[in-house]
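Chain residues, written in single-letter form:
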Amino acid sequence: MPPLDYDDHKVSREADIGAPPCRNCDVVREIAFCAELSHDEIKRLATVRCHAHLPASFTVFREGDPADHVYSIAAGAVKLYKLLSDGRRQIIGFLFSGEMFGLGLDNGYAYTAETVTQTQLCRFTHRKLDSLLGDIPKLERKMFSMTVKDLIAAQEQMLLLGRKTAREKVATFLLKLSSRAEMQGLPASPIALPMSRADIADYLGLTIETVSRTFTQLKRDGIIGLPASGYVLLTDDKALRELAEGGGG
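Small disclaimer: the values here were computed from a predicted structure and weren't measured.

Here's the deal with unusual backbone geometry
As a rule of thumb, non-glycine residues mostly have phi less than zero, and peptide bonds are mostly trans rather than cis.
And step 1. Residues S189 and P190 are joined by a peptide bond in cis, for which omega reads 0 degrees.
And step 2. Mapped onto the elements, P190 comes out in the loop between α5 (166–183) and β9 (191–192).
And step 3. Here S57, not a glycine, exhibits a phi torsion of approximately 60 degrees, which is positive.
And step 4. Position of S57 relative to the elements: it lies in the loop between β1 (49–54) and β2 (59–61).
And step 5. Owing to a relative accessible area of 38%, S57 belongs among the partly exposed residues under this scheme.

Written out as structure tokens, the structure reads:
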């Protein structure tokens, strides 16, 4: 696993600060961390930002590390996971452009964060970010919204793991990615799957074989298409939604 050398991949301070504050991001402004901020507020936020270009499979931080930073994804994808006592891995989320992660407790980060693809991140030191909250109320509201979103995602993950069949889990997963793509201004279908089948299995609480078999079944049933590696075409959106809600068997 790559060493924790985020600083080795960061953009130089001169290049970062000298650039337009949002040039780095490929996200839709409505879902970005800085979405509601004014131009001047974005410039202030940029003064405490450290921007980096990271390779795939790069460990941003590990579970238990001191929670000194919070991160915003400018481009790419990140997976969050926990290691169970028996060595198994449970992926608790996939995050994409515009999303944030890294809110931790006093005893450190609650999960490990690793890039799925080549990824651009903006890193903010908690201490420096906290110093701006009083002057930029919108930023504080955004941080609160991020906390609430994490809680909702945790509840959805509990439902996904505990009460759904394999077909229902895969259908729910695909619809979630489709919805996320639309929020970014992308087509609802086909959707990109940058993560591996092993990653999907560890997220859904299934085996790799079950994930692959379920994709094949859904394709055979005409619900999805698999036009190319890393992409899924939603050919019967209605049937997929019925399946996700438990009505498709």
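Side note on the sheet that holds strand β7 (residues 112–115)
And step 1. An order of β2-β7-β4-β5 is seen for the four strands of this open sheet, with the pairing classed as antiparallel. Each edge of the open sheet carries a strand with a single partner, namely β2 and β5 (89–96). The average angle at which neighbouring strand axes cross in this sheet is 30 degrees, direction not considered.
And step 2. As paired elements, β2 and β7 share two bridges and run antiparallel to each other. Residue pairing in the sheet places F61 in a bridge with A113 of β7.
And step 3. Taken strand by strand, helix α6 (residues 197–204) contacts β4 (77–83) and β5, and its axis lies near 110 degrees from that of β5.

So, the side chain of T210
And step 1. Looking at where T210 falls in the secondary structure, it is placed in helix α7 (residues 208–220).
And step 2. Overall, the relative accessible area of 17% leaves T210 in the buried class.
And step 3. Side-chain polar atoms of T210 contact the side chain of R213, separated by 3.3 Å.

Rules of the game
- In this convention, every chain numbers its residues from 1, walking through the sequence in written order.
- Local features in a predicted model are, by the rule used here, given only for residues with pLDDT of at least 70; side-chain atom pairs are given and counted only at 80 or more, and totals for whole chains, interfaces and linings are based on all residues.
- The side-chain quantities take in all heavy atoms of the structure and omit both hydrogens and water.
- Numbering goes from the N terminus for both helices and strands, where a helix is a DSSP run of H or I of at least four residues and a strand is a run of E of at least two.
- Residue exposure (1.4 Å probe, protein chains only): buried if accessible area is under 20% of the type maximum, exposed if over 50%, otherwise partly exposed.
- Whether two strands pair comes down to DSSP finding at least two bridges between them.
- Only C-alpha atoms enter the line fits that serve as axes; for helices the fit covers just the stretch in contact. Angles between N-to-C directions range over 0 to 180 degrees.
- In what follows, residue pairs with any heavy atoms lying within 4.5 Å of each other are defined as contacts.
- Counting of polar contacts relies on pairs of N or O atoms within 3.5 Å, with two restrictions inside protein: one atom must be capable of donating a hydrogen and the other of accepting it, and residues adjacent in sequence are counted only when both atoms are side-chain atoms.

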